[in-house]
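# Examination of the molecular architecture
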Amino acid sequence: ITRALFQEAGLVEKLRFPGVIGCTNGTHIPIIAPSVNEGDYVNRKSFHSINVQIIYDAANIITNVEAKWPGSVHDSQIFRECTLSTKFGHGEFTGYLLGDRGYPCLPYLLTPYSDPEPGPQQRYNLAHCRTRARIEMTIGMLKAWFQCLQRLRVTPERACDIIVACVILHNIATIRGEHCPSEPNISSDPNHEHPDPPTDIQDGRAVRDT
């Protein structure tokens, strides 16, 4: 994640969003109903899933994956409790992550304006949207490579292992320049919706304004 491939790939100049070193999003991987703590795995769309947090760079490489949370857990909680968030909070990385409005706006995790004013705020949101759009392509590529992720018929623990293995193989295939077996769906993930914004303190708003 420290390679800052957005700059290397020229996306900073193209999308006009400097300092970005990754984008984050969640995707729900459907699973069969588990025999233990079944209710914890029912997400807001009423099916059983693992809520997977994915962070990617400009080359469609997945630089970080959190695949251990039941579908009922909010995206913001997954990010708040992941090791990467702690490292950002301690200043171990220079740059920003981009996330949707389901995340808190933090000094190192920038989200869109919910009601942008004309001018700079609208231009910020446009650049934010264009930069984050690639996360949809990355998730689409991952699911195109591995059709098993459409629904895993295993225990939650085994499902998490399979998801991480698929991410590793996705990165290997991407680095080798393998062609995606089918055209990835770059529209919004049908298994993931943007939840209500978190209500905790969002101390990144001054950074976003700057």
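Quick notes on the rules
- Residues numbered from 1 in each chain as written.
- Predicted model: local features only at pLDDT ≥ 70, side-chain atom pairs only at ≥ 80, totals over all residues.
- Heavy atoms only, no water.
- UniProt positions renumbered as here; feature names shortened; annotations may be inferred.
- pLDDT = per-residue confidence, 0-100.
- Helix = DSSP H or I, 4+ residues; strand = E, 2+ residues; numbered from the N terminus.
- Core = buried A, V, L, I, M, F, W, Y, C linked by side-chain atoms within 4.5 Å.
- Buried < 20%, exposed > 50% of the residue type's maximum accessible area, 1.4 Å probe, protein only.
- Contact = heavy atoms within 4.5 Å.

- Going by an unreviewed UniProt entry, the chain carries the name Putative nuclease HARBI1 and comes from Astatotilapia calliptera.
- Of the chain, the UniProt comment under Cofactor (unreviewed entry) reads exactly: "a divalent metal cation".
- Turning to the chain, the UniProt annotation filed under Function (unreviewed entry) states: "Transposase-derived protein that may have nuclease activity. Does not have transposase activity."

### Here's the deal with the confidence of the model for the chain
- A residue-level look at the chain finds 82% of positions with pLDDT of 70 or above and a mean pLDDT of 86.
- Model confidence for the chain, summarised as mean pLDDT per element, is weakest for helix H1 (residues 5–8) at 51 and strongest for helix H6 (residues 156–175) at 97.

### A closer look at the nonpolar core
- Among the nonpolar cores identified, the biggest contains 18 residues, and Ile50, Val52, Leu142, Leu149, Leu152 and Ile163 are the most heavily contacted of them.
- Where this core is concerned, the elements lending two or more residues are strand E2 (49–56), strand E3 (62–70), helix H5 (120–145) and H6.
- Sort the elements by how many residues they give to this core and H6 lands first, with five residues.
- Setting aside anything within four residues of it in sequence, one finds Leu152 in contact with Ile29, Pro30, Ile31, Ile32, Ala159, Ile162 and Ile163.

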